[in-house]
Amino acid sequence: MPEPISQVDYWNGAVGERWTTMQEELDRVFAPLTEALLAGAGLRPGERVLDVGCGCGDTALRAAGQVGAGGAVTAVDVSRPMLARGRARAEARAGSGAPVAFAPVAWIEADAQTHPFEPEHDLALSRFGVMFFDASLPAFANIRRALRPGGRLAFLCWRALPENPWVNVAREAVLSVVPAPAPSPPDSPGPFRFADGEALAGLLERAGFARVAVAAIDRDIEIGGDAEAATRFAVTVGPVSGLLRDLDDPDLRARAVAAVRAAMPGGGPVRLGAACWLATALVPG
Ligand SMILES: C[S@@+](CC[C@H](N)C(=O)[O-])C[C@H]1O[C@@H](n2cnc3c(N)ncnc32)[C@H](O)[C@@H]1O
């Protein structure tokens, strides 16, 4: 059995490159969810924000616009290509002569589980960047230490696969053709790790957060302008791409992709349900 790949290698390898190439498309697809996150975060001018697992920087850059020139954003990630994209976008925006005053963004290549952040942030936020820690409890305790007393946490993570047709329609189609992989060990890093909202709330309380709330966010997201584009998207990102990646047999792969194409609704843009938790909490004090 091959050794499982580390998250640092995973996000610096083909997956990180793919997220970087697809940055604009992913930000467009996730936009309705991003709006829900930012509404829940309630950013105010002058605040200091930590974006955990910032990836290519969409939420860090938006936060920098919301807190304005008097604020500051720390954007942390382990993925070099994704951070480079975020930095390049910030530089392009600074050079564009836009009339809006943005907070400076510090792009930090570091492991958010252990990095000794200054304990000065007003808000830690994340869009799907907190489900990949080796050990979630010490990681969230470290994020709590990055916040001042009274500081806030707000992040999005996925609910269970069957509640997320934007992934599950394609996954079920692929699994009609290829054998299901062995189930991952419980609580291992992965996008659906926090599907159990009660367990997530308990975890955050044990990590030292107060006033923990885990609220369901349901949105239809457009994964493609037509069934072809939606198929391309579905087989390129997330767990479905993982199922296809390990297939050596090109015929089997082609049959799996054809099954996804057949499962996509036709007749225009493909909008499928996405189900997240918006977790919010406070640092006591
Ligand atoms: C699903 S992506 C989300 C990226 C970005 N927040 C977005 O919404 O586009 C998960 C991100 O978490 C980052 N990540 C995973 N483990 C991490 C860790 N221990 N410390 C910092 N970043 C991490 C990955 O490199 C990746 O950029």
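Here the residue numbering is sequential within each chain, running from 1 through the sequence in written order. Predicted model: local features are reported for residues with pLDDT of at least 70 only, side-chain atom pairs are reported and counted for 80 or more only, and whole-chain, interface and lining totals are derived from all residues. Computation of side-chain values: all heavy atoms of the structure, hydrogens and water removed.

- Within an unreviewed UniProt entry, the label attached to the chain reads Methyltransferase type 11, and the organism entered is Methylobacterium terrae.

Here we look at the packing of helix α9 (residues 227-236) against helix α11 (residues 250-263)
The relative placement of two packed helices comes down to the angle between their axes together with the axis-to-axis distance.
Here's step 1: Working convention: axes come from line fits to C-alpha atoms, limited for helices to the stretch in contact. Angles between N-to-C directions cover 0 to 180 degrees. Numbering of helices and strands runs from the N terminus, with a helix taken as a DSSP run of H or I at least four residues long and a strand as a DSSP run of E at least two residues long. Two elements in contact, α9 and α11, have axes whose closest approach is 9 Å; the angle formed by their N-to-C orientations is 130°. Taken together, the axes of α9 and α11 lie oblique to each other. Crossing handedness for the pair α9 and α11: right-handed. When α9 is examined against α11, the residues Ala227, Glu228, Thr231, Ala234 and Val235 are found in contact with a partner set consisting of Val257, Val260 and Arg261.
Here's step 2: In the scheme used here, Gly and all other residues not listed as nonpolar or charged are polar, with Ala, Val, Leu, Ile, Met, Phe, Trp, Tyr, Cys and Pro taken as nonpolar and Asp, Glu, Lys and Arg as charged. Of the residues belonging to the contact of α9 with α11, the class tally is five nonpolar, one polar and two charged. Should an angle fall under 35 degrees it is taken as roughly parallel, and over 145 as roughly antiparallel, whereas 65 to 115 is taken as roughly perpendicular and any remaining angle as oblique. A clockwise turn of the near helix away from the far one marks a right-handed crossing, whereas an anticlockwise turn of less than a right angle marks a left-handed crossing. Every residue pair with non-hydrogen atoms within 4.5 Å of one another is taken to be in contact.

A look at the sheet that holds strand β7 (residues 270-282)
Here's step 1: At least two bridges found by DSSP between two strands is the condition for calling them paired. One open sheet accounts for seven strands, arranged β3-β2-β1-β4-β5-β7-β6; its pairing is mixed. Edge positions in the open sheet fall to β3 (105-109) and β6 (210-224), since each of these has one partner strand only. Strand-to-strand twist across the sheet, computed as the mean angle between neighbouring axes with direction ignored, equals 20°.
Here's step 2: Where β6 meets β7, 12 bridges bridge the pair, whose relative direction is antiparallel.

Brief notes about the packing of aromatic side chains
Where two aromatic rings form a pair, the distance of their centres and the angle of their planes describe that pair.
Here's step 1: Classification of ring pairs uses Phe, Tyr and Trp, with its six-membered ring standing for Trp, and accepts pairs whose centres are within 6.5 Å; under 30 degrees between planes counts as stacked, over 60 as edge-to-face, and the remaining range as tilted. Within the structure shown, the criterion is met by 13 aromatic pairs.
Here's step 2: Ring geometry for Phe30 against Trp158: centres 5.8 Å apart, planes inclined by 55°, an arrangement best described as tilted. Taken together, the positions of Phe30 in helix α3 (residues 23-41) and Trp158 in strand β5 (residues 147-158) put the pair 128 residues apart, joining distant regions of the chain.
Here's step 3: Aromatic side chains Phe30 and Trp166 sit 5.7 Å apart centroid to centroid with 85° between the ring planes, which places their arrangement in the edge-to-face category. Here Phe30, found in helix α3, pairs with Trp166, found in helix α7 (residues 165-175); they are 136 residues apart in sequence, far enough to count as distant. Assigned by exposure class, Phe30 and Trp166 land together as buried.
Here's step 4: Grouped by ring-pair contacts, the aromatic residues Tyr10, Trp11, Trp19, Phe30, Phe128, Phe132, Trp158, Trp166 and Phe233 constitute a single cluster.
Here's step 5: Only when the NZ atom of a Lys or the CZ atom of an Arg is both within 6 Å of the ring centre and within 35 degrees of the ring normal do we say a charge sits over the ring. One residue, Arg93, lies across the ring of Phe102, its end atom 3.3 Å from the ring centre. Categorising residues by exposure relies on relative accessible area from a 1.4 Å probe, with only protein chains included: less than 20% of the type maximum marks a residue as buried, more than 50% marks it as exposed, and the intermediate range marks it as partly exposed.

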